[in-house]
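Below, each chain spelled out in residue letters.
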Amino acid sequence: MKTWFKDLWEGFWTVLVGMHITWRHLFNTNVTLQYPEEKWKLPPKSRMRLFMKFEDCIGCGQCARACPVQCIYIKADKRDPKAQGIYAANGQPIKLDVTVFDIDMSLCCYCNLCTYPCPTNCIYMTPEYEFATTDLTQHLYHFAKKDAKFLTVNPKATAAAAKPATPAAPATPAETPKPVPTPQSPPSTPDQATDLPAQAPLKPAGA
C-alpha cells in the first residue's frame with residue numbers, strides 16, 4: 001500500500017515538473033524558424049534543382065559531357081537546311097533539333113558543373129529545394145517540348161539596328177591666334193622744362 005502511494009505521488013510529481021517546464025516556455029518568443037510558414041532566404045549561388053530553358057538550347061551536349069554522374073540525357077538531330085533559321089536568346093543560331101532533354105534529379109549530385117560549359121546559359125541551378133517525393137520516377141524531368149516558340153530573328157542584329165547611331169562630335173575650328181599687342185611709343189610731348197612752372201631760387205642757409 002505504501003509503495004502504491006509512492007508510485008502515485010511520483011507520477012503526479014513528474015506531471016507537475018513537465019507542466020512547469022511547458023508553462024515556462026509557452027509564452028516565450030519563438031527562436032526557431034516556423035517552417036513551412038517561414039523559410040530561410042538562401043544564399044547567392046545556391047545549388048538546388050536544375051532547370052533548362054528549352055528555347056535557348058542548341059543541342060551541343062556539353063552539359064551532358066560535363067556531368068560526372070551522367071544524369072542528363074540528350075538526343076538531337078540536324079535541322080533541315082531549308083527550314084527557317086532560329087536563334088537562342090544570345091543570338092547564337094540553333095542548328096540541331098533537340099528531341100530529348102531529360103534530367104534525372106535522383107542521380108544529380110548538385111555539383112553545378114553542367115552549367116559552366118553551356119554556351120547559351122540555358123541550364124542553371126534554381127533555389128527550389130522542395131521537390132521530395134516517394135516515387136523516383138517523378139524526379140525525371142522532361143524539358144524537350146514540341147510546341148516551343150523559338151526566335152526567328154537574330155536578337156543581336158535587331159538590337160544593333162535599333163541602337164541609334166551616336167552623332168560625331170563637330171570639329172572645333174582652330175583658334176586664330178590673337179595678335180600680340182606691340183608696345184607703342186609714348187606720344188611726343190613738348191619739352192618738359194618749358195611746361196614746368198618757374199621755381200624760386202634756393203636761398204642759402206642762414207640768409
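Coordinates for the structure precede this section.
Residues numbered from 1 in each chain as written. Predicted model: local features only at pLDDT ≥ 70, side-chain atom pairs only at ≥ 80, totals over all residues. Heavy atoms only, no water.

## Overview of the state of the cysteines
Inference 1: Applying the stated criterion to the full structure yields 0 disulfides.
Inference 2: Free cysteine: Cys-109, not disulfide-bonded; nearest cysteine sulfur from Cys-111 at 3.9 Å.
Inference 3: A residue is classified by how much of its surface remains accessible, and Cys-109, at 41% relative accessible area, is partly exposed.
Inference 4: Counting only cysteine sulfurs, Cys-118 is the nearest neighbor of Cys-122, a cysteine outside any disulfide, at a range of 3.6 Å. (Disulfide = S-S within 2.5 Å. Buried < 20%, exposed > 50% of the residue type's maximum accessible area, 1.4 Å probe, protein only.)

## Notes on the sheet that holds strand 2 (residues 72–78)
Inference 1: Strand order in the open sheet formed by 3 strands is 2-5-7, with antiparallel pairing between adjacent strands. Each edge of the open sheet carries a strand with a single partner, namely strand 2 and strand 7 (140–142). Strand-to-strand, the axes of this sheet are offset by a mean angle of 15°, without reference to chain direction.
Inference 2: The pairing of strand 2 with strand 5 (residues 96–104) spans 7 bridges and is classified as antiparallel. Residue pairing for strand 5: Tyr-73 is matched across the bridge by Asp-102. (Pairing = 2+ DSSP bridges. Helix = DSSP H or I, 4+ residues; strand = E, 2+ residues; numbered from the N terminus. Axes fitted to C-alpha atoms, helices over the stretch in contact; angles between N-to-C directions.)

## Focus: the pattern of salt bridges
Inference 1: For the structure on display, the rule yields 4 salt bridges.
Inference 2: Between Lys-39 and Glu-130 there is a salt bridge whose closest N-O contact spans 2.7 Å. Of this pair, Lys-39 sits in the loop between helix 1 (2–26) and strand 1 (50–52) while Glu-130 sits in the loop between strand 6 (123–125) and strand 7, and the two are 91 residues apart along the sequence.
Inference 3: Judged by relative accessible area, which is 46%, Lys-39 ranks as partly exposed. (Salt bridge = Lys/Arg side-chain N within 4 Å of Asp/Glu carboxyl O.)

## Focus: the nonpolar core
Inference 1: Judged by nonpolar contacts, the single largest core of 23 residues is most densely connected at Leu-50, Met-52, Ile-72, Phe-101, Ile-103, Met-105 and Ile-123.
Inference 2: The set of elements that each furnish at least two residues to this core consists of strand 1, helix 2 (62–66), strand 5 and strand 6.
Inference 3: For this core, the element with the most residues is strand 5, which contributes 3 residues.
Inference 4: Every residue in contact with Leu-50, bar those within four places of it in the chain, is listed here: Ile-103, Met-105, Cys-108, Cys-114, Thr-115, Ile-123, Tyr-124, Met-125 and Phe-143. (Core = buried A, V, L, I, M, F, W, Y, C linked by side-chain atoms within 4.5 Å. Contact = heavy atoms within 4.5 Å.)

## Focus on the packing of aromatic side chains
Inference 1: Using the criterion set out here, one finds 8 aromatic pairs in the structure.
Inference 2: Judged by centre distance (6.0 Å) and plane angle (25°), the rings of Trp-9 and Trp-13 are stacked. Pair noted here: Trp-9 and Trp-13 are both in helix 1, with a separation of 4 residues, about one helical turn.
Inference 3: Taking 5.6 Å as the distance between ring centres and 90° as the angle between the ring planes, the aromatic pair formed by Phe-51 and Phe-143 counts as edge-to-face. With Phe-51 in strand 1 and Phe-143 in the loop between strand 7 and helix 3 (155–162), the pair connects residues that are 92 residues apart, well separated along the chain.
Inference 4: You can call Phe-51 partly exposed: its relative accessible area is 34%.
Inference 5: Every member of this aromatic cluster is reached through a ring pair, and the members are Phe-51, Phe-101, Tyr-124 and Phe-143. (Phe/Tyr/Trp six-rings, centres within 6.5 Å; stacked < 30°, edge-to-face > 60°.)

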